[in-house]
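# An overview of the molecular structure
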There are 4 protein chains.
Amino acid sequence: MNLFSPAGDDLLTVAGRTFHSRLLTGTGKYKDFDETRRATEAAGAQIVTLAIRRVNIGQDASQPNLLDALPPDRFTLLPNTAGCYTADDTVRTCRLARELLDGHNLVKLEVLGDERTLYPDVVQTLVAAEKLVADGFDVMVYTSDDPILARRLEEIGCAAIMPLAAPIGSGLGIQNRYNLLEIVENAKVPVIVDAGVGTASDAAIAMELGCDGVLMNTAIAGAKDPVLMAHAMKLAVEAGRAAFRAGRIPRKRFASASSPVDGLVG
Amino acid sequence: MNLFSPAGDDLLTVAGRTFHSRLLTGTGKYKDFDETRRATEAAGAQIVTLAIRRVNIGQDASQPNLLDALPPDRFTLLPNTAGCYTADDTVRTCRLARELLDGHNLVKLEVLGDERTLYPDVVQTLVAAEKLVADGFDVMVYTSDDPILARRLEEIGCAAIMPLAAPIGSGLGIQNRYNLLEIVENAKVPVIVDAGVGTASDAAIAMELGCDGVLMNTAIAGAKDPVLMAHAMKLAVEAGRAAFRAGRIPRKRFASASSPVDGLVG
Amino acid sequence: MNLFSPAGDDLLTVAGRTFHSRLLTGTGKYKDFDETRRATEAAGAQIVTLAIRRVNIGQDASQPNLLDALPPDRFTLLPNTAGCYTADDTVRTCRLARELLDGHNLVKLEVLGDERTLYPDVVQTLVAAEKLVADGFDVMVYTSDDPILARRLEEIGCAAIMPLAAPIGSGLGIQNRYNLLEIVENAKVPVIVDAGVGTASDAAIAMELGCDGVLMNTAIAGAKDPVLMAHAMKLAVEAGRAAFRAGRIPRKRFASASSPVDGLVG
Amino acid sequence: MNLFSPAGDDLLTVAGRTFHSRLLTGTGKYKDFDETRRATEAAGAQIVTLAIRRVNIGQDASQPNLLDALPPDRFTLLPNTAGCYTADDTVRTCRLARELLDGHNLVKLEVLGDERTLYPDVVQTLVAAEKLVADGFDVMVYTSDDPILARRLEEIGCAAIMPLAAPIGSGLGIQNRYNLLEIVENAKVPVIVDAGVGTASDAAIAMELGCDGVLMNTAIAGAKDPVLMAHAMKLAVEAGRAAFRAGRIPRKRFASASSPVDGLVG
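Residues numbered from 1 in each chain as written. Chains lettered and ligands numbered in written order. Predicted model: local features only at pLDDT ≥ 70, side-chain atom pairs only at ≥ 80, totals over all residues. Heavy atoms only, no water.

Let us look at the relation of the copies chain A and chain B. Aligned on chain B, chain A shows an RMSD of 0.0 Å; the corresponding rotation is 180 degrees and the shift along the axis is 0.0 Å. Both chain copies can therefore be described as sitting about a two-fold axis. (Least-squares fit on C-alpha atoms with pLDDT ≥ 70 in both.)

Right, here's the structure in full:
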């Protein structure tokens with residue numbers, strides 16, 4: 001076993017598929033598909049998500065096709081339901097994706113609560129998750145950081161729980177570490193932080209909490225140099241994962257303190 | 001130029017020497033010199049610091065010699081004055097180091113305020129820095145995160161400013177980001193965070209603030225798996241540096257917000 | 001108008017009732033009813049919540065009765081459904097409370113997700129809220145800090161939204177300020193932080209965010225000196241409220257900075 | 001003993017003088033002396049600081065005199081050396097103050113490092129403190145949050161240590177809680193946080209750490225409603241003090257957790 005290699009035995013398994021990369025990336029908001037491709041490669045991403053309602057994967061033969069930049073034989077496509085605000089809408093969208101992608105059944109479910117905040121509508125998300133699981137999809141599900149809901153989504157049969165760190169596109173970083181930790185400690189499926197990461201340390205923190213992966217789009221695509229930021233995020237996810245596995249020192253007030261900080265100050 | 005390679009043109013220059021690694025490591029607190037060596041290599045460190053009063057670099061021929069594990073032709077040695085509580089003591093210690101190391105004049109100055117906290121004594125530090133600079137040393141100086149003192153130490157002629165993130169060995173992470181930022185924005189010599197890092201994200205944050213490097217010892221040597229943590233820290237420093245150069249997105253309450261967070265909440 | 005008096009025109013209105021105190025307190029976990037009474041008075045609370053399944057308000061004539069310590073003519077009683085894990089159970093409990101209290105229809109709804117964490121079960125909470133509102137109750141509802149759910153609970157007709165700051169009894173303080181802010185800015189009914197406050201500054205922060213009140217129990221009852229802590233919390237809620245109304249200065253890096261901090265560091 | 005009254009036996013003693021208020025206020029930046037007076041009264045301040053080089057306390061008989069608004073028989077005046085950048089300058093300024101105020105020897109020493117940041121110059125501060133103490137002044141000293149320097153200033157004979165929370169006028173709140181805690185736990189003279197408070201909760205946090213008082217100016221004078229903010233700060237300081245004395249509950253992940261948070265997450 002080679003501890004240092006991300007290609008070693010520390011693999012991410014989602015719905016029976018195995019990956020050495022723990023950084024999932026979005027494909028939106030780039031200048032063009034060439035930048036998308038270069039950033040995706042710099043990120044070392046193996047799973048790439050795409051908004052099935054917004055991106056051309058062959059619907060319009062006269063336009064550039066994302067799949068030329070990110071060929072499905074090299075990347076695991078993760079169609080998502082961005083822009084859907086009801087359970088029914090997401091189910092329809094996932095079925096469309098499956099059709100367009102020849103029976104591909106891995107999807108990322110997101111039902112949004114409103115356009116302004118992009119917070120998830122967790123009630124509709126539960127409804128949609130049940131329908132999609134029943135319909136044979138492998139559902140990776142965007143949700144809030146509510147541990148009770150995360151458990152319910154896992155019970156329904158979702159393949160991965162994807163709690164937000166903060167609102168989509170906010171770059172605020174992880175707002176509630178204890179909620180994420182609670183989800184991670186209790187889940188038997190992968191937990192992948194989705195939304196809210198702003199910079200490399202945010203991704204590292206998510207991994208240090210024990211998350212299995214991080215998905216992001218705006219933090220990379222919106223950076224001044226998206227390709228370099230993609231590289232930063234790749235390293236940060238690997239760094240956070242390695243730190244989690246290596247077992248950090250406890251926080252103490254001083255090296256000479258006999259016990260860790262005690263929760264009275266902080 | 002290859003943006004992604006730490007061996008590219010994004011180099012750290014200290015006292016005329018050039019390095020591609022921005023992670024400096026200590027050599028104490030390991031199980032044995034073999035673990036020291038393996039962790040140092042996993043960290044990719046090129047500058048390694050050693051407590052001249054505590055470690056055998058040849059003073060005792062009957063004992064293992066650190067320089068066998070970390071040969072000076074591969075690593076830049078940075079003798080430090082750990083355990084010194086007065087300016088005079090540090091000056092003596094630095095001269096001893098120079099003698100033992102055949103005229104090597106790069107040193108890390110630390111004058112500690114007390115044994116319990118290991119906070120620097122900044123007044124004695126200023127006195128010692130003046131003497132050492134006058135005596136021809138290249139002085140990398142451990143200090144508090146006080147921006148006015150950092151400037152003074154630079155004016156004295158120190159080769160690098162090394163503010164603490166938190167007390168030595170505490171693992172508390174960066175306590176005062178604004179102080180570090182102020183030091184970084186005004187310094188013309190490298191600013192290297194020294195002390196207080198606990199895990200990978202702490203190192204990434206230091207680099208994202210614009211620091212030129214990070215020095216650590218306990219966070220690696222005290223981890224459950226020191227060699228894996230050394231690797232994590234290597235990646236974290238590279239991640240933070242790349243994120244700094246890539247230009248992060250601003251924090252906003254939502255993707256749809258027209259301006260960044262405004263300092264009223266947080 | 002007297003800006004300084006909590007009895008001035010800055011009143012809290014819940015379900016048509018008006019209060020000058022914005023600190024609501026629980027009645028559990030005290031040594032005895034006398035301590036409950038003294039802490040409640042030190043807190044200046046006008047609304048006191050009681051776990052209808054756990055406390056004697058006359059069910060057992062041979063035991064001390066909470067209503068002797070906190071007479072209903074001086075305090076607005078807020079029966080809560082602590083210990084209920086399903087919508088049905090909470091509805092039954094609220095009806096029992098209404099019977100015991102001669103038609104009193106103000107209740108605090110909480111449906112818990114599990115015994116270990118005491119996180120709310122928001123799905124069951126929505127179901128119960130609909131039933132209780134339909135049954136004529138004035139429902140103050142304990143929930144997560146999910147802004148979309150908060151809006152839904154308001155649409156159902158709840159009289160107050162009571163998001164957690166952190167898990168019940170944790171003392172962790174406010175974990176997600178942006179979620180609370182989002183709830184506050186959009187609600188037309190009072191928003192009262194319920195659960196997670198640990199010390200006075202936590203309560204002040206909740207009020208500074210614009211919350212209409214704070215409810216707590218453990219932070220007071222579990223303090224070394226509960227009566228003094230009750231007094232501290234009274235002052236903290238008033239302080240936070242006054243600071244919110246007074247309009248704080250923006251955070252800037254220095255007095256001389258021309259604009260507030262910009263969301264890039266923090 | 002009345003625990004709740006700030007006039008009870010929980011008094012602040014500085015240089016032999018005794019005060020029931022722990023909120024010290026500045027007198028600058030107000031619209032006019034009438035607003036200064038109203039804010040000072042709302043703050044309940046008993047010690048008021050004034051920049052001896054900037055404010056008219058009788059030097060110019062044709063202009064309004066601050067002492068008419070804040071008569072010395074009601075308030076303890078604390079002349080400060082704002083605007084001084086060298087030890088010599090501060091000593092001269094303190095002597096001038098003593099002359100103008102008929103032998104009054106209580107002063108607040110501040111030697112600033114530069115105009116842009118207003119950070120203290122701690123080296124010049126030490127020099128000035130020695131001279132002023134030798135010259136018979138009771139010296140309350142503005143300094144950084146460096147615990148080693150705080151101890152040195154106390155050894156020199158300063159009457160109170162006044163570490164910053166953040167830069168003067170920044171409103172950033174307390175940047176380094178552990179440094180303040182370390183100062184507080186080791187000082188035998190009062191520790192009064194001076195500079196950096198932005199809103200009520202910041203003041204409460206300072207007091208919860210065990211500080212003996214808080215001094216502020218911009219946070220009050222710069223608020224939209226300075227008089228109401230002064231009232232908020234009065235309550236916040238009292239709240240934080242009471243919470244400190246009452247002994248807060250420890251932070252735990254859940255009520256059911258058997259031990260406090262352990263320093264691994266946070």
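Here the narrative resumes.
All names here are of chain B. Burial runs high along strand S7 (residues 138-143): five of the six residues are buried. For strand S6 (residues 106-109) and S7, the ladder comprises four bridges, and the chain directions are parallel. The partner of Lys 108 across the bridge, within S7, is Met 140. Assessed by its sense of winding, the connection that carries the chain from S6 through helix H4 (residues 122-134) to S7 is right-handed. Examined bridge by bridge, S7 and strand S8 (residues 160-163) share four bridges and lie parallel to one another. Opposite Thr 143, over in S8, you have Pro 163 as the bridge partner. In this fold, S7 hands off to helix H5 (residues 147-156), which returns the chain to S8; that crossover is right-handed. (Buried < 20%, exposed > 50% of the residue type's maximum accessible area, 1.4 Å probe, protein only. Helix = DSSP H or I, 4+ residues; strand = E, 2+ residues; numbered from the N terminus. Pairing = 2+ DSSP bridges. Right-handed = clockwise from strand over helix to strand, strands pointing away.)

In the Ramachandran plot, B:Ala15 falls in the positive-phi region, its phi being about 50 degrees despite a non-glycine side chain. Along the polypeptide, B:Ala15 turns up in the loop between strand S1 (12-14) and strand S2 (17-19). Assessed through its relative accessible area of 31%, B:Ala15 is described here as partly exposed. Positive phi outside glycine occurs at D:Ala195, with the angle close to 95 degrees.

This next bit is on the packing of aromatic side chains. Tallied over the entire structure, the rule returns four aromatic pairs over all chains. Its end group placed over the ring of B:Phe137, B:Arg98 keeps NZ or CZ at 3.9 Å from the ring centre. (Phe/Tyr/Trp six-rings, centres within 6.5 Å; stacked < 30°, edge-to-face > 60°. Lys NZ or Arg CZ within 6 Å of the ring centre and 35° of its normal.)

All names here are of chain A. For helix H9 (residues 226-246), with 21 residues, the first-to-last C-alpha span of 30 Å sits near the 30 Å given by 1.5 Å per residue. Counting buried positions along H9 gives 18 out of 21 residues, so the element sits mostly inside the fold. One or two residues past the end of H9 sits Gly 247, with phi positive at roughly 80 degrees. (Expected span 1.5 Å × (residues − 1).)

That is the geometry; function is a separate question.
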